[in-house]
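Chain by chain, the residues:
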Amino acid sequence: MSKFFQIVIGLALLVVAAFVGYGIVNALNNVTQPIAATNNTVATSIALILPPTPTPLPNGASVVLSMKSLARLETAQFTIEKVIIKEQGQGALGALFGDRVIFVAHGDVIAGVDLSKLATGDAVVFADGKAFITLPAPQIFVTSIDNNKSYIVDRQTGLLTKGNVTLETQARQEAQKEIEKSAIEAGILTQAQKNSEFYLKQLMLTLGYKDVTFIRATATP
């Protein structure tokens, strides 16, 4: 056989070997890919069948600590306007020595729950997601007069007096008390309680509790 034919036959054998090798590799890929896909399917199925690892619910002490961090929770604000008439010396000699002021007071009353008063036993919780929370009674936090919106309507003094310099201050102090009293009569403490419960229920849901019952303390003005 000539050297030329030997070279041709050698090249042909190399080509055949290359095709055979490619077929074997391709066949192996076709076998291993379904195995990998099957493994993924099995893993997914197992994950769906097995329940997720439950996250432990915080205990009562942790719940109380979370709430106490909110401190004074302001949950209701009422704006009230009052007309106050403060006078003195209005007897028979009122025209000479009397003093009278009419004051229109515009004030704000803020109420809420002081969560810093919570004790550890005020949160009773269970592993099934139920919780019973005893909240401190709602209270008035702030009663203030808005000086920019409050004004004196009239001031009358007798002919022989310059008037009491503290009469307007007395009118303001009385107005503050009356505004707070009116806010309580209008239900600000009840509103503060309801709003506090709503806000804290959202907190409890975030902590993982699904059934939350609030026990109300008696409100003290």
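Everything discussed here concerns the structure shown above.
Caption draft 1: Broad picture of the overall build of the protein. When helices and strands are counted, the protein shows 5 helices and 7 strands. Going through the 221 residues of the protein one by one, you find that 28% of them count as buried. Partitioning the intrachain contacts of the protein with sequence separation of at least 6 by distance along the chain shows that 80% fall at a separation of at least 24. Total accessible area on the protein is roughly 14200 Å²; 61% of this is exposed by carbon and sulfur atoms.

Caption draft 2: Just the packing of aromatic side chains, in detail. Applying the stated criterion to the full structure yields 1 aromatic pair. Relative to Phe132, the ring of Phe126 has its centre 6.2 Å away and its plane inclined at 90°; by these criteria the two rings are edge-to-face. Positioned above the aromatic ring of Phe141, the side-chain terminus of Arg72 is 4.2 Å from the ring centre.

Caption draft 3: Looking closely at the side chain of Asp99. Mapping Asp99 onto the fold places it in strand E2 (residues 99-114). At a separation of 2.9 Å, a polar atom in the side chain of Asp99 contacts the side chain of Arg155. A polar atom in the side chain of Asp99 sits 2.5 Å from the backbone nitrogen of Asn164.

Caption draft 4: A look at the packing of helix H2 (residues 60-68) against helix H5 (residues 188-207). Contact geometry for H2 and H5: axes closest at 11 Å, N-to-C directions at 135°. In terms of axis orientation, H2 runs oblique to H5. Between H2 and H5 the crossing geometry is right-handed. Where H2 approaches H5, its residues Val63, Ser66 and Met67 are matched on the opposing element by Leu200, Leu203, Met204 and Leu207. Class assignment for the residues of the contact of H2 with H5 results in 6 nonpolar, 1 polar and no charged.

Caption draft 5: Here's a closer look at H2. Residues of H2 that are buried: Gly60, Val63, Val64 and Met67. Along H2, the residues classed as buried sweep out an arc of 95° about the axis, all on the same side. Buried positions along H2 lie against strand E3 (123-125), strand E4 (130-135) and H5.

Caption draft 6: Inspection of the sheet that holds E4 at higher detail. Pairing is mixed across the open sheet formed by 3 strands, whose spatial order is E3-E4-E7. The open sheet has two edge strands, E3 and strand E7 (211-216), and neither has a second partner. Sheet twist, expressed as the average angle between the axes of neighbouring strands with direction ignored, equals 15°. The sheet contact formed by E4 and E7 spans 6 bridges and is parallel. Note on E7: the bridge partner recorded for Ala131 is Val212. Across the sheet, H2 lies against E3 and E4, angled at about 135° from E3, the strand it touches most. Against the sheet, H5 contacts E4 and E7, and its axis sits at roughly 150° relative to E7.

Caption draft 7: Representation of the nonpolar core within the structure. Ranked by size, the top nonpolar core spans 18 residues in total, and within it Ala105, Val109, Ala111, Ile140, Ala175, Ile179 and Ile188 carry the most contacts. Going through the elements one at a time, strand E1 (72-88), E2, strand E5 (139-145), helix H4 (167-185) and H5 are the ones with two or more residues in this core. Excluding residues within four positions of it along the chain, Ala111 makes contact with Leu73, Glu74, Thr75, Ala76, Gln139, Ile140, Phe141, Ile188, Leu189 and Ala192. By size, the runner-up hydrophobic cluster in this structure holds 16 residues, among which are Val113, Leu118, Ile133 and Tyr209.

Caption draft 8: Representation of the environment of Lys162 in the model. Following the sequence through the fold, Lys162 ends up in the loop between strand E6 (151-157) and H4. Expressed as a C-alpha distance, the spacing of Lys162 and Asp99, which sit 63 residues apart in the sequence, is 8.5 Å.

Caption draft 9: Structural detail: the side chain of Ser150. Structurally, Ser150 can be placed in the loop between E5 and E6. Within the structure, Ser150 has its side chain in polar contact with the backbone nitrogen of His106 (distance 2.8 Å). From its side chain, Ser150 meets the backbone oxygen of Asp146 in a polar contact 2.8 Å long. Excluding residues that lie within four positions of it along the chain, Ser150 makes contacts with Phe103, Val104, Ala105, His106 and Ile145.

Cut-offs used in this document
Position numbers for residues count from 1 along each chain, tracking the sequence in the order it is written. Where local features are concerned, this predicted model is filtered to residues with pLDDT of at least 70; where side-chain atom pairs are given and counted, the filter is 80 or more; whole-chain, interface and lining totals use all residues. Based on all heavy atoms of the structure, the side-chain values leave hydrogens and waters out of the count. Only runs of H or I of at least four residues qualify as helices and only runs of E of at least two qualify as strands under DSSP, and these elements are numbered from the N terminus. Each residue is assigned to one of three classes by its accessible area relative to the maximum for its type, calculated with a 1.4 Å probe on protein chains only: buried under 20%, partly exposed between the two thresholds, exposed over 50%. In what follows, residue pairs with any heavy atoms lying within 4.5 Å of each other are defined as contacts. All accessibility values rest on the Shrake-Rupley procedure with a 1.4 Å probe; residue burial counts only the protein chains present in the view. Two rings from Phe, Tyr or Trp (for Trp, the six-membered ring) form a pair when their centres are within 6.5 Å of each other. A pair whose planes differ by under 30 degrees is stacked, one over 60 is edge-to-face, and the rest are tilted. Only when the NZ of Lys or the CZ of Arg is both within 6 Å of the ring centre and within 35 degrees of the ring normal is a charge said to sit over the ring. We call two N or O atoms a polar contact when they sit within 3.5 Å, provided that within protein one can donate a hydrogen and the other can accept it, with sequence-adjacent residues counted only if both atoms are side-chain atoms. Axes, fitted as lines to C-alpha atoms, cover a helix only where it is in contact. Angles between the N-to-C directions of the axes lie from 0 to 180 degrees. Our angle categories are set so that under 35 degrees counts as roughly parallel, over 145 as roughly antiparallel, 65 to 115 as roughly perpendicular, and the remainder as oblique. Crossings are classed by handedness, with left-handed meaning an anticlockwise turn of the near helix from the far one by less than a right angle and right-handed meaning a clockwise turn. Classes in brief: Ala, Val, Leu, Ile, Met, Phe, Trp, Tyr, Cys and Pro nonpolar; Asp, Glu, Lys and Arg charged; the others, Gly included, polar. As used here, the arc belongs to the directions running from the helix axis to the C-beta atoms. Criterion used throughout: strands pair if DSSP finds at least two bridges between them. Here, nonpolar core means buried Ala, Val, Leu, Ile, Met, Phe, Trp, Tyr and Cys residues that are tied together by side-chain atoms lying within 4.5 Å of each other.

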